[in-house]
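Examination of the molecular architecture
These are the residues of each chain, in order.
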Amino acid sequence: MTEHSQSSYDVSPNPTLLASAVACAAQGEGLDVAITVLGRSLGKTREPLKIAEEYALLDCISGGRLIAGFPVGLSYDANLNASLPAIETRDRYREHRELVLKAWSEPHPFPWNGRFEKYGQVNIWPRPIQQPHPPIWIPGVGSPGTLRDILQRDYSFVYLSWDGPKLTGREVFDRYWDLAEEMGRDRNPYRLGFVQVVAVSETDERAEKEFAKHLQAHYRSGPGAIPLTAMAVPGYAEPAAIEGMLRSAGHGGMLARLRTATYQELVDSQVAIVGSPATVADQIQSFVREFRIGNLMVMLQNGSMPRDLTEKSISLFAEEVLPRLRPIWDDEGWTNQWWPHAQGTAGAVTGAAAGRQA
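Within each chain, residues carry numbers counting from 1 in the order of the written sequence. Where local features are concerned, this predicted model is filtered to residues with pLDDT of at least 70; where side-chain atom pairs are given and counted, the filter is 80 or more; whole-chain, interface and lining totals use all residues. For the side-chain quantities, the full set of heavy atoms in the structure was used; hydrogens and water were omitted.

Points about the overall build of the protein chain
The helix and strand inventory of the protein chain stands at 12 helices and 9 strands. For the protein chain, the residues scored as buried account for 54% of the 358 residues in total. Accessible surface, the protein chain as shown: approximately 15,700 Å² in total, 53% of it carbon and sulfur. Under the scheme used here, helices are H or I runs from DSSP no shorter than 4 residues and strands are E runs no shorter than 2 residues, and both carry numbers assigned from the N terminus. Exposure categories follow from relative accessible area, calculated using a 1.4 Å probe and restricted to protein chains: below 20% of the type maximum is buried, above 50% is exposed, and the middle band is partly exposed. For the accessible areas, the method is Shrake-Rupley and the probe is 1.4 Å, while residue cover comes only from the protein chains on display.

Right under this line is the structure:
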């Protein structure tokens, strides 16, 4: 679940509302289910403690299944819609993240006298089941400063790309793993997550017939409709990130042509991976291994896709594609330490989760 206010896609002003519904549907001992909120935008919020409280409660009612996403927030949302100074966005993000983490783990009430937030006493109830905090995933577009911060703190990076793994992804993935090596981090693929648009039908031909108009509608009215100037208001992003966006938009890049891209262009460039279960599995396996992606998030409903077509695509993916993807990294023996580690009985608000003593 993601947070986007006043947007024509991903209509979810508060993702914890949707996540709480998932938490109720995913109850039961032994279920390997994570609820990933990618997430509450710490760079735009004026109530960071509210986010700490919502995440903590969600972790409790789900039985310790929360993955806490901490995005800076999109520039158009934080700086244009919410009127926060662009130059302050990342400083606000860093302060708010520090406050949330301390609110979850500090055993005693404490005051907070930050640059942006002032609290006479911080003492949230309940605390998360997962201590000292749930796994943290940081979504972004791959700016060097963000990647260094993620690796230094040993979080997991999620590359939010609308143009598939290869057009601009290769540069981001290479940068991430080069920085990991430079900073002494291992090449555990679960350090890296990626979002990919996918649609599955019985055959490649049938997939084109069923999904073409919906995928074109998705890119023309959703991400393709957002002007580049709204994605990075001056002062919001570091120069290297802006340069990457400009390269994506220029030189014939797909991002500059999403609003007019044909179905064949979307598929040939892997902006969207579409086809039979075998076609989809082969393409995903190839780029996942090439770029060492351990956490794959697939978007299986896009644009104007009706419910029945969406359910068919999800079912085919779950039954025929997913079994081929799950064991990809088993032979290397990596542990996914960025996965919920306290999955128990939902509704358990006891012990470490109960809160602090006054």
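Having seen the structure, we can now continue with the description.
Concerning the packing of aromatic side chains
In this analysis, rings of Phe, Tyr and Trp, with Trp reduced to its six-membered ring, are considered paired at centre separations within 6.5 Å, and the interplanar angle assigns stacked below 30 degrees, edge-to-face beyond 60, and tilted for intermediate values. Following the criterion strictly, the structure yields 11 aromatic pairs and no others. Plain terms: the ring middles of Tyr159 and Phe194 are 5.9 Å apart, the flat faces sit at 35° to each other, and that makes the pair tilted. You can see Tyr159 sitting in strand E6 (residues 156–159) and its partner Phe194 sitting in strand E7 (residues 192–200), a full 35 residues away along the chain. Ring-pair connections join several aromatic residues into one group, and the members of that group are Phe157, Tyr159, Phe173, Tyr176, Trp177, Phe194, Phe287 and Phe291. Two conditions define a charge sitting above a ring: the NZ of Lys or the CZ of Arg must be within 6 Å of the ring centre, and it must be within 35 degrees of the ring normal. The positively charged end of Arg90 is found above the aromatic ring belonging to Tyr236, 4.8 Å away from the centroid. The lysine or arginine in question, Arg289, covers the ring of Trp329, its NZ or CZ lying 5.9 Å from the ring centre.

Considering the environment of Cys60
Relative to the helices and strands, Cys60 resides in helix H2 (residues 48–61). On the basis of relative accessible area, Cys60 is assigned to the buried category, the value being 0%. In sequence terms Cys60 and Arg127 are 67 residues apart; their C-alpha atoms lie 7.9 Å from each other.

Some thoughts on the side chain of His96
Counting through the fold element by element, His96 comes out in helix H4 (residues 89–105). On the basis of relative accessibility, which here comes to 0%, the residue His96 falls in the buried class. Here the side chain of His96 touches Glu117 through a polar contact of 2.7 Å, side chain to side chain. Contacts are assigned to residue pairs that have any heavy atoms within 4.5 Å of one another. Setting aside its immediate chain neighbours within four residues, His96 contacts Leu42, Thr45, Pro48, Phe116 and Glu117. Here a polar contact is recorded for every N or O atom pair within 3.5 Å, except that within protein the pair must consist of a potential hydrogen donor and a potential acceptor, and residues adjacent in sequence are included only if both atoms are side-chain atoms.

Thoughts on the packing of H2 against H4
Axis lines are fitted through C-alpha atoms, for helices just across the contact stretch, and the angle between N-to-C directions can take any value from 0 to 180 degrees. Axis separation between H2 and H4 bottoms out at 9 Å; the angle between their running directions is 45°. Taken as axis vectors, H2 and H4 run oblique relative to one another. Both H2 and H4 take part in a crossing whose hand is right-handed. Of the residues in H4, those touching H2 at Pro48, Leu49, Ala52, Tyr55 and Ala56 are His96, Leu99, Val100, Ala103 and Trp104. In this classification, the charged set is Asp, Glu, Lys and Arg, the nonpolar set is Ala, Val, Leu, Ile, Met, Phe, Trp, Tyr, Cys and Pro, and all remaining amino acids, among them Gly, are polar. For the contact of H2 with H4, the class distribution of residues is 9 nonpolar, 1 polar and no charged. Any angle that falls under 35 degrees is termed roughly parallel, while one over 145 is termed roughly antiparallel, one within 65 to 115 roughly perpendicular, and all others oblique. Helix crossings get a hand from a simple test, with the near helix turned counterclockwise from the far one by less than a right angle marking a left-handed crossing and a clockwise turn marking a right-handed one.

A closer look at the side chain of Ser62
Note that Ser62 resides in the loop between H2 and strand E2 (66–69). Here Ser62 falls in the buried class, since its relative accessible area comes to 1%. At 3.2 Å, the side chain of Ser62 and the backbone oxygen of Asp59 are in polar contact.

Notes on the packing of helix H7 (residues 204–221) against helix H12 (residues 307–325)
H12 packs onto H7 with a crossing angle of 125° between their chain directions and a minimal axis gap of 12 Å. Between H7 and H12, the angle is such that the two are oblique. Crossing of H7 over H12 shows left-handed handedness. Each of Arg206, Glu210, Phe211 and His214 in H7 lies in contact with H12, whose residues at this interface are Leu309, Lys312 and Ser313. Taken together, the residues that form the contact of H7 with H12 break down as 2 nonpolar, 2 polar and 3 charged.

Observations concerning H2
Given the number of residues in a helix, its expected span is that number minus one, multiplied by 1.5 Å. Between the first and last C-alpha of H2 there are 20 Å, a value that for 14 residues agrees with the 20 Å anticipated at 1.5 Å per step. Among all positions of H2, only Pro48, Leu49, Ile51, Ala52, Tyr55, Ala56, Leu58, Asp59 and Cys60 are buried. On its buried side, H2 packs onto helix H1 (15–25), strand E1 (35–37), E2, H4 and strand E4 (118–122). In the segment just after H2, Gly63 is the residue with positive phi, at about 75°.

Points about the confidence of the model for the protein chain
Confidence of the prediction at every residue is given by pLDDT, a number between 0 and 100. Predicted confidence across the protein chain gives a mean pLDDT of 88, with 88% of residues reaching 70 or more. Confidence drops under a pLDDT of 50 for residues 348–358, and excluding neighbours within four residues, the segment shows 36 contacts in the predicted structure.

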